Amino acid sequence: MFLINCPYCGPRNEHEFGYGHEAHIARPTVAQYEQMSDAEWADYLFMRKNTKGVHFERWVHTKGCRRWFNVARHTVTHEILAVYEMGKPAPQLDTEKK
Amino acid sequence: MSESPLTFGQDATTLKKVPNRMARLPPMKQRYSIFSLVRNALNYHADWQEAWRSPDPKPAYDVIIIGGGGHGLATAYYLAKEHGITNVAILEKGWIGGGNTGRNTTIVRSNYLWDESAHLYEHSMKLWEGLSQDLNYNVMFSQRGVMNLAHTVHDMQAMRRRVYAIQLNGIDSEILTPAQIKEIVPMLDCSPNARYPIMGASFQRRGGTARHDAVAWGFARGADERGVDIIQNCEVTGFKIVNGTVQGVETTRGFIGAKKVGVVVAGHSGVIAGMAGFRLPLESHPLQALVSEPIKPILDTVVMSPQVHVYVSQSDKGELVLGAGIDAFNSYAQAGSPPIVEDQLNALIDLFPAFSRLRMLRQWGGIVDTCPDASPIIGKTPVQNMFINCGWGTGGFKATPGSGNVFAHTIARGEPHPLATPFALERFTTGYLIDEHGAAGVAH
């Protein structure tokens with residue numbers, strides 16, 4: 001069970017949240033997708049990092065403020081290392097300790 | 001874990017130490033039968049032959065299979081049996097069948113919607129039907145039927161569509177009325193006043209369960225007998241790839257050369273692909289299961305409800321075995337969150353009010369590699385002579401023999417088996433997805 005620190009509501013039970021999968025996947029711009037090959041589309045739509053270690057991912061506070069935000073979480077220990085707002089870049093974390 | 005006579009040979013404390021050069025020779029296997037059981041019973045089961053050797057790795061092999069779960073062991077077995085390729089090693093980072101093979105809920109069925117999946121899973125079902133005889137190992141395959149409940153008009157429509165599609169593929173499947181359901185499963189709450197009244201069900205009578213550990217051990221014994229080296233406690237840490245062609249694998253027991261490599265590592269497929277430098281459309285999630293205290297026989301089929309969201313069967317030991325959905329988040333921890341367990345127990349009691357008095361004995365998790373279209377990936381990789389079999393998600397156990405069979409063909413010939421062709425990694429580029437979220441059932 002995770003205790004997730006919603007940036008807008010504070011720490012809440014995992015059951016209140018929805019999972020939004022990998023963060024920081026940039027949607028292609030109109031100019032880009034005119035040029036994109038099928039392989040590049042496949043990479044954008046389907047291919048995932050599926051990191052074993054610190055994973056940057058999106059969550060939504062479905063049963064609270066209903067706002068989206070990003071979380072850096074370790075996929076083996078389940079430790080939440082950072083919570084940060086949508087649009088912010090992924091934080092630099094000391095991942096050596098895990 | 002039960003200590004039936006047939007599993008006695010796996011007990012590490014009973015293994016006789018033999019020098020490794022002796023272990024190099026695949027011994028003739030004793031046949032298992034009622035007579036061998038009686039004969040060994042007279043000796044207090046002290047003389048059972050070990051089921052497989054534990055050799056040191058050779059410097060190189062024709063084929064290396066990464067992953068000693070059911071699918072990897074089956075691949076090696078069929079490579080040796082059907083393609084005559086016996087210079088094969090299976091590398092397992094833990095112990096044989098200690099991952100998802102020992103963590104699943106043992107259900108076998110072939111009731112899939114699309115032709116591609118129906119043919120693949122039915123191929124597997126046909127192998128299940130002769131597997132105990134083929135392996136000379138009792139995998140306790142029990143065709144007790146698999147029932148999928150429908151609770152809404154939309155459930156009924158989707159169910160009819162799937163049942164008719166399955167029938168058109170020549171696979172057994174039928175629609176049951178609530179009265180027929182009640183006859184087969186008297187414990188089920190079929191009253192119209194239930195919170196989610198049961199309107200009907202689909203039923204595959206050839207579906208059922210098998211003993212998951214026995215499947216791993218049977219394939220391991222069969223592969224070992226044909227000369228395959230099963231190397232446990234040997235984790236792959238990297239690949240040697242020259243000009244885009246794999247030359248061998250780096251392991252915790254040193255470098256091992258290989259002409260071909262087959263990757264069958266379920267939840268860790270993304271990690272292995274990362275070592276080889278390509279990406280997969282997979283996410284790894286925990287899938288939890290639990291068993292109750294053992295009770296007298298009460299449920300002689302498998303009942304699933306995708307809508308109320310639980311599935312349950314009764315093991316030969318008398319425990320109710322139940323499961324439901326994955327935890328939504330990515331994880332490699334082999335453990336999930338309590339709300340998933342709570343939700344599936346609520347669902348169980350909705351369907352079977354009498355089970356509310358039961359206590360649960362054990363709960364565990366495994367890591368499943370889920371694909372965007374809930375179908376597996378079988379075939380070539382961007383690396384020459386490296387093949388992959390992954391993405392079985394929440395339902396790989398049922399496919400164990402079929403998956404190994406088509407993957408062995410794919411590795412041996414260097415080209416996909418006709419049944420595996422649609423499941424190539426390229427389908428995510430071509431857009432030829434095989435959407436089986438409906439047939440994947442409760443687990444999604």
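Residues numbered from 1 in each chain as written. Chains lettered and ligands numbered in written order. Predicted model: local features only at pLDDT ≥ 70, side-chain atom pairs only at ≥ 80, totals over all residues. Heavy atoms only, no water.

Asks: Run through the overall build of chain B, naming residues and quoting values.
Replies: Within chain B one finds 13 helices and 18 strands. What you see for chain B is a C-alpha radius of gyration of 22 Å, in line with the 22 Å of a compact globule of 444 residues. Its C-alpha atoms give chain B principal-axis dimensions of roughly 70 × 60 × 40 Å. Buried residues in chain B amount to 58% of all 444 residues. For chain B, restricting intrachain contacts to residue pairs at least 6 apart in sequence, the fraction spanning at least 24 positions comes to 76%. Summed over all atoms, the accessible surface of chain B reaches about 17,700 Å², with 55% contributed by carbon and sulfur. (Helix = DSSP H or I, 4+ residues; strand = E, 2+ residues; numbered from the N terminus. Rg over C-alpha atoms; globule rule 2.2 N^0.38 Å. Buried < 20%, exposed > 50% of the residue type's maximum accessible area, 1.4 Å probe, protein only. Contact = heavy atoms within 4.5 Å. Areas by Shrake-Rupley, 256 points an atom, 1.4 Å probe, with all protein chains shown as cover.)

Asks: Please set out the overall build of chain A residue by residue, giving values where relevant.
Replies: Scanning chain A for helices and strands turns up 2 helices and 6 strands. Each helix and strand of chain A, ordered N terminal to C terminal, gives the series β-β-β-α-α-β-β-β. Expressed along its principal axes, the backbone C-alpha trace of chain A runs to roughly 45 × 35 × 20 Å. With 98 residues in all, chain A has 37% of them scored as buried. Counting contacts in chain A only where the partners sit at least 6 residues apart, residues at least 24 apart contribute 46% of the total. Looking at chain A as shown, the accessible area adds up to about 5,900 Å², and 49% of this sits on carbon and sulfur atoms. Of the charged side chains in chain A, 13 are positive and 12 negative, and the gap between their average positions amounts to 8 Å. (Lys, Arg positive; Asp, Glu negative; His and termini not counted. Charge placed at Lys NZ, Arg CZ, Asp CG, Glu CD.)

Asks: Before we move on, can you summarise the nonpolar core with the specific residues and values?
Replies: Core analysis: the largest hydrophobic core is formed by 52 residues, its most contacted members being Ile65, Trp128 and Phe219 of chain B. Only β1 (60-66), α3 (70-83), β2 (88-91), α4 (115-129), α5 (131-135), α8 (212-225) and α11 (400-413) of chain B provide two or more residues apiece to this core. (Core = buried A, V, L, I, M, F, W, Y, C linked by side-chain atoms within 4.5 Å.)

Asks: With reference to specific residues and values, describe the sheet that holds strand β16 (residues 360-370) of chain B.
Replies: Residues and elements named next belong to chain B. Across the sheet, which stays open at both edges, the 8 strands sit in the order β5-β6-β4-β13-β14-β15-β12-β16 with mixed pairing between neighbours. For this open sheet the edge positions go to β5 (174-176) and β16, each flanked by a neighbour on one side alone. Between one strand axis and the next, the sheet turns by 20° as a mean value, whatever way the strands run. In terms of strand pairing, strand β14 (residues 310-314) meets strand β15 (residues 320-326) through 4 bridges, oriented antiparallel. Bridge assignment links tyrosine 311 to a residue of β15, and that residue is glycine 323. (Pairing = 2+ DSSP bridges. Axes fitted to C-alpha atoms, helices over the stretch in contact; angles between N-to-C directions.)

Asks: An account of unusual backbone geometry is needed here, citing residue identities and associated values.
Replies: With a phi close to 60°, arginine 66 of chain A is a non-glycine residue in the positive phi region. In this structure, arginine 66 of chain A sits in the loop between β4 (54-60) and β5 (68-74). Of note, the phi angle at histidine 45 of chain B is positive, near 55°, even though the residue is not glycine. Counting through the fold element by element, histidine 45 of chain B comes out in the loop between α2 (34-42) and β1.

Asks: Residue-level account of the confidence of the model for chain A, with values.
Replies: Keep in mind that low pLDDT regions are not for reading the predicted coordinates in detail. On average, residues of chain A score 93 in pLDDT, and 96% of them reach the 70 mark or higher. By mean pLDDT, helix α1 (residues 30-35) of chain A is the weakest element of chain A at 92, and β5 of chain A is the strongest at 98. (pLDDT = per-residue confidence, 0-100.)

Asks: Can you explain the interface of chain B and chain A? Please cite residues and give values.
Replies: Tallying the contact residues gives 27 residues for chain B and 24 residues for chain A. Carbon and sulfur atoms supply 56% of the area that chain B and chain A bury against each other, a total of about 2,200 Å² over both sides. Joining chain B to chain A, the criterion identifies 1 salt bridge. In this structure, aspartate 43 of chain A engages arginine 279 of chain B in a salt bridge whose closest nitrogen and oxygen atoms are separated by 2.9 Å. Linking chain B to chain A there are 13 residue pairs in polar contact (both at pLDDT 80 or more). For the side of chain B that touches chain A, the residue count by class is 15 nonpolar, 8 polar and 4 charged. (Buried area = accessible area lost by both parts, 1.4 Å probe. Salt bridge = Lys/Arg side-chain N within 4 Å of Asp/Glu carboxyl O. Polar contact = N/O pair within 3.5 Å; in protein donor to acceptor, adjacent residues only side chain to side chain. Nonpolar A, V, L, I, M, F, W, Y, C, P; charged D, E, K, R; others polar.)

Asks: Now, about the state of the cysteines: what can you tell me, with residues and values included?
Replies: By definition, a disulfide links two cysteine residues through a covalent bond between their sulfur atoms. Residue and element names in this part refer to chain B. In total, this model carries 0 disulfides over all chains according to the counting rule given. Take cysteine 390: it sits in no disulfide, and the sulfur closest to it among the cysteines is that of cysteine 371, at 6.4 Å. With a relative accessible area of 1%, cysteine 390 lands in the buried category. (Disulfide = S-S within 2.5 Å.)

Asks: Describe a nonpolar patch on the surface, listing the residues and the values that go with them.
Replies: A contiguous nonpolar patch, built from Ile34, Phe35, Val38 and Leu42 of chain B and spanning about 470 Å² of accessible area, is present on the exposed surface. Positionally, valine 38 of chain B belongs in helix α2. (Patch = residues over 30% accessible without salt bridge, like charges linked within 9 Å, V, L, I, M, F, W, Y side chains within 5 Å.)

Asks: Describe the packing of α4 of chain B against α11 of chain B, naming the residues involved and giving the relevant values.
Replies: For any two helices packed against each other, the geometry comes down to the angle between their axes and how far apart the axes lie. All names here are of chain B. Viewed as axis vectors pointing N to C, α4 and α11 meet at an angle of 110°, and their least axial separation amounts to 7 Å. Comparing the axis directions of α4 and α11 gives the class roughly perpendicular. Where α4 approaches α11, its residues Leu120, His123, Ser124, Leu127 and Trp128 are matched on the opposing element by Thr400, Pro401, Gly402, Asn405 and Val406. Of the residues assigned to the contact of α4 with α11, the class counts are 5 nonpolar, 5 polar and no charged. (Parallel < 35°, antiparallel > 145°, perpendicular 65-115°, else oblique.)

Asks: Account for the sheet that holds strand β3 (residues 18-22) of chain A, with residues named and values stated.
Replies: Residues and elements named next belong to chain A. With antiparallel pairing, 4 strands are arranged side by side in an open sheet as β3-β4-β5-β6. Each edge of the open sheet is held by one strand with a lone partner, namely β3 and β6 (80-85). Across the sheet, the axes of successive neighbouring strands diverge by a mean angle of 30°, strand direction being ignored. Relative to β6, β5 is paired through 5 bridges, and the arrangement is antiparallel.

Asks: Can you lay out the packing of aromatic side chains for me, pointing to particular residues and giving the numbers?
Replies: Counting across every chain of the model gives 17 aromatic pairs over all chains. Centre to centre, the rings of tryptophan 128 of chain B and phenylalanine 397 of chain B are 5.4 Å apart; their planes meet at 50°, and the pair counts as tilted. With tryptophan 128 of chain B in helix α4 and phenylalanine 397 of chain B in the loop between β18 (386-390) and α11, the pair connects residues that are 269 residues apart, well separated along the chain. Each of the two residues, tryptophan 128 of chain B as well as phenylalanine 397 of chain B, counts as buried. Through pairs of rings, three or more aromatic residues link up here, namely Phe2, Tyr19 and Trp59 of chain A together with Phe329 of chain B. Over the face of the ring belonging to tyrosine 8 of chain A we find arginine 67 of chain A, whose NZ or CZ atom lies 3.7 Å from the ring centre. Sitting over the face of the ring of tyrosine 32 of chain B, arginine 221 of chain B holds its NZ or CZ atom 3.8 Å from the ring centroid. (Phe/Tyr/Trp six-rings, centres within 6.5 Å; stacked < 30°, edge-to-face > 60°. Lys NZ or Arg CZ within 6 Å of the ring centre and 35° of its normal.)

Asks: Hey, could you go over the pairing of β4 of chain A for me, with residue numbers and the actual values?
Replies: All names here are of chain A. Buried residues dominate β4, accounting for 5 of its 7 residues. Here β4 runs beside β5; their pairing, made up of 7 bridges, is antiparallel. Bridged to valine 54 within β5 is histidine 74.

Asks: Report on α3 of chain B, specifying residues and quantitative values.
Replies: Residue and element names in this part refer to chain B. For α3, built from 14 residues, the straight-helix expectation of 20 Å at 1.5 Å per residue is met to within 8% by its first-to-last C-alpha distance of 19 Å. For α3, a buried count of 11 out of 14 residues is recorded, marking the element as mostly surrounded by other parts of the structure. Glycine 84, located one to two residues past α3, shows a positive phi value of around 65°. (Expected span 1.5 Å × (residues − 1).)

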